[in-house]
Amino acid sequence: MATEVKVPALGESITSGIIAAWNVKDGDYVEKDQVLYELETDKITSEGLAEVAGVISLSAAEGDEVEIGAVIASIDESADAPQKSENSDTKEDAKAEPSEEKTESASEKKSDAVSPAVRRIAEEEKIDPAKVEGTGKDGRVTKGDMLKAGSSRMPAEEEKKPAASAPAPAKPASSGERTTRKRMTPLRAKIAERLVAAQQEAAMLTTFNEVDMSAVMGLRKKYQDAFVKKNGVKLGFMSLFVKAVVNALREVPGLNAQIDGNEIVQNHFYDIGIAVSTPKGLMVPVVRDCDQLGLAGIEKSIIEYANKAREGKIGIDDLSGGVFTITNGGIFGSMLSTPILNAPQSGILGMHTIQERPVAIDGKVEIRPMMYLAVSYDHRIVDGKEAVTFLVKVKQALEDPARLLLEV
């Protein structure tokens with residue numbers, strides 16, 4: 001008896017996807033709930049699990065675009081699981097082997113069991129999967145485990161490496177190596193489509209201001225240890241910016257609205273999207289009801305969504321329904337930029353890198369940690385006065401955090 005492996009429904013707006021990787025080979029014996037493949041769509045990347053155990057026969061290849069509901073493999077349930085041949089001689093030989101050889105054998109066995117995505121990360125990040133603790137089924141190392149291992153490596157490990165000698169002159173590429181061509185992923189194609197549409201369909205305009213981060217940085221320094229001890233997470237800048245944005249949206253509700261045909265839809269809730277950079281492109285998971293969450297709740301939600309996005313486990317519901325977006329180009333060193341609207345939203349706030357600059361304070365020049373802020377808005381429903389007022393409210397809340405408590 002053979003069970004068909006079909007592409008599952010992932011949301012009303014998702015009609016197809018591309019098989020990014022098969023984690024098994026044609027003819028392999030698979031266990032129930034084993035990860036078979038990774039499917040990449042224009043919104044999310046998901047994993048397909050085996051519904052039954054048996055020998056799998058693949059009918060679609062990596063890189064194929066498949067429709068929702070399409071049959072991409074079948075599993076023969078009547079096939080028996082492969083038996084491990086063991087005898088006394090083998091056991092005795094194994095006992096006699098040096099421990100180093102045993103370790104190497106186990107390492108090779110673990111490496112052979114990893115998925116193509118894990119092998120790709122292992123090659124790029126120079127991480128041995130055998131040395132990574134797996135959280136998947138039967139201790140299998142997942143893509144998330146590899147990403148976590150790569151991000152947790154200490155700078156000290158890099159410092160221990162001997163200084164590299166001067167790089168050798170690059171060899172000129174042959175005529176066939178001057179360029180490479182690969183198919184755009186559905187997610188990257190959708191991002192491109194949405195960015196172009198946002199610029200073509202909205203009357204987008206950007207206004208700028210700058211904020212003195214002294215008060216926020218002093219607040220974090222004073223209460224960071226107590227905050228971590230109580231909540232188990234650090235107090236970051238983003239939660240404070242989210243609260244400042246919620247406060248400003250209450251004062252200037254025009255930016256908490258959107259156009260739907262010939263109507264203006266006014267939102268009365270505060271679901272804020274946080275732009276997250278992932279290896280597959282930019283994603284904007286949404287933190288729900290930020291007006292009701294405390295700073296710790298916002299920080300925990302951001303960390304959870306960021307991890308899910310980078311591990312490719314984020315769902316379509318996690319990306320839907322935001323009323324406003326915050327993007328932080330400052331983590332990459334951006335000093336100033338004009339963020340593009342995340343349609344159908346009417347506003348997006350751009351954060352930038354913090355730099356110490358001389359500023360005039362009460363007639364005196366002082367060095368302060370300054371950040372440029374940018375808010376892009378849809379001028380069809382948001383007037384310049386509203387946008388400027390909104391940004392001033394954000395600035396005031398960050399320079400005087402007590403405003404966030406008093407909501408003024």
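Values in this document were obtained by computation on a predicted structure and should not be read as measured data.

Enquirer: Mind laying out the pairing of strand β2 (residues 16–22), listing which residues take part and the relevant values?
Expert: Along a regular strand, successive side chains alternate from one face of the sheet to the other. β2 sits mainly inside the fold: six of its seven residues count as buried. Bridging between β2 and strand β7 (residues 65–67) involves three bridges; their strand directions are antiparallel. For Ser16, the partnering residue across the bridge sits in β7 and is Glu67. Pairing geometry for β2 and strand β4 (residues 35–40), over four bridges, is antiparallel. Paired with Trp22 across the bridge in β4 is Tyr37.

Enquirer: Tell me about helix α8 (residues 237–251), and name the residues and values.
Expert: The end-to-end C-alpha distance of α8, which contains 15 residues, comes to 21 Å, matching closely the 21 Å that a straight helix rising 1.5 Å per residue would cover. Within α8, twelve of the 15 residues are buried, which leaves it mostly tucked inside the rest of the structure.

Enquirer: Pulling in residues and values, what's your account of the nonpolar core?
Expert: Ranked by size, the top nonpolar core spans 41 residues in total, and within it Val242, Ile272, Phe324, Ile326, Leu349 and Phe390 carry the most contacts. Looking at this core, the elements with two or more residues in it are α8, β12 (272–274), α9 (295–310), β16 (324–328), β17 (347–351), β19 (364–378) and α10 (384–399). With nine residues, α8 is the largest single contributor of residues to this core. Ignoring any residue separated from it by four or fewer positions in sequence, one finds Ile272 in contact with Val242, Val245, Val246, Leu249, Pro285, Val286, Val287, Cys290, Val323, Phe324 and Ile326. Core analysis: the second largest hydrophobic core is formed by 26 residues, Tyr37, Ile56, Ile75 and Ala309 among them.

Enquirer: Any details on the pattern of salt bridges? Residues and values, ideally.
Expert: Taken as a whole and assessed by the stated rule, the structure comprises nine salt bridges. Lys6 is the salt-bridge partner of Glu4, the closest N and O atoms lying 3.8 Å from each other. The exposure class assigned to Glu4 is partly exposed, which follows from its relative accessible area of 46%. Note on Lys6: relative accessible area 47%, which makes it partly exposed. Linked by salt bridges that have partners in common, Asp212, Glu366 and Arg368 make up one network.

Enquirer: With reference to specific residues and values, describe the sheet that holds β4.
Expert: Pairing is antiparallel across the open sheet formed by four strands, whose spatial order is β5-β4-β2-β7. The two strands at the open ends of the sheet, each matched to only one other strand, are β5 (45–49) and β7. The average undirected angle you get between the axes of adjacent strands in this sheet is 40°.

Enquirer: If you had to explain the packing of aromatic side chains to someone new, which residues and values would you point to?
Expert: Any pair of aromatic rings gets described here by the distance separating the centres and the angle formed by the planes. Tallying each qualifying case throughout the model produces two aromatic pairs. A ring pair is formed by Trp22 and Tyr37, whose centres lie 5.5 Å apart and whose planes are at 65°; its orientation type is edge-to-face. With a gap of 15 residues between them, Trp22 in strand β2 and Tyr37 in strand β4 connect regions that are remote in the sequence. Each member of the pair Trp22 and Tyr37 is classed as buried. Judged by centre distance (5.3 Å) and plane angle (45°), the ring pair of Phe324 and Phe390 falls under tilted. Remark: Phe390 occurs in helix α10 and Phe324 occurs in strand β16; sequence separation between them is 66 residues. Since its relative accessible area comes to 0%, Phe390 is described here as buried.

What counts, and at which threshold
- Starting afresh in each chain, residues are numbered from 1 along the sequence in its written order.
- Restriction of local features to residues with pLDDT of at least 70 applies here, the model being predicted, together with a cutoff of 80 or more for giving and counting side-chain atom pairs; totals for whole chains, interfaces and linings are based on all residues.
- Side-chain calculation: all heavy atoms of the structure are included, whereas hydrogens and water are not.
- Exposed residues in this analysis have more than 50% of their type's maximum accessible area, buried residues have under 20%, and partly exposed residues fall in between, with area computed by a 1.4 Å probe over protein chains only.
- Secondary structure elements follow DSSP: runs of H or I of four or more residues count as helices, runs of E of two or more count as strands, with numbering from the N terminus.
- Any two strands are treated as partners once DSSP identifies two or more bridges connecting them.
- Each residue after the first adds 1.5 Å to the expected span of a helix.
- To define a nonpolar core, start from buried Ala, Val, Leu, Ile, Met, Phe, Trp, Tyr and Cys residues and group those joined through side-chain atoms within 4.5 Å.
- A contact between two residues is defined here by any heavy atoms of the two lying within 4.5 Å.
- Salt bridge, as applied in this entry: a Lys or Arg side-chain nitrogen positioned within 4 Å of an Asp or Glu carboxyl oxygen.
- Angular values range over 0 to 180 degrees, each being the angle between N-to-C directions of two axes fitted as lines to C-alpha atoms, with helices fitted over their stretch in contact.
- To pair, rings of Phe, Tyr and Trp, with the six-membered ring standing in for Trp, must have centres within 6.5 Å; the planes then decide the type, stacked if under 30 degrees apart, edge-to-face if over 60, and tilted in the middle.

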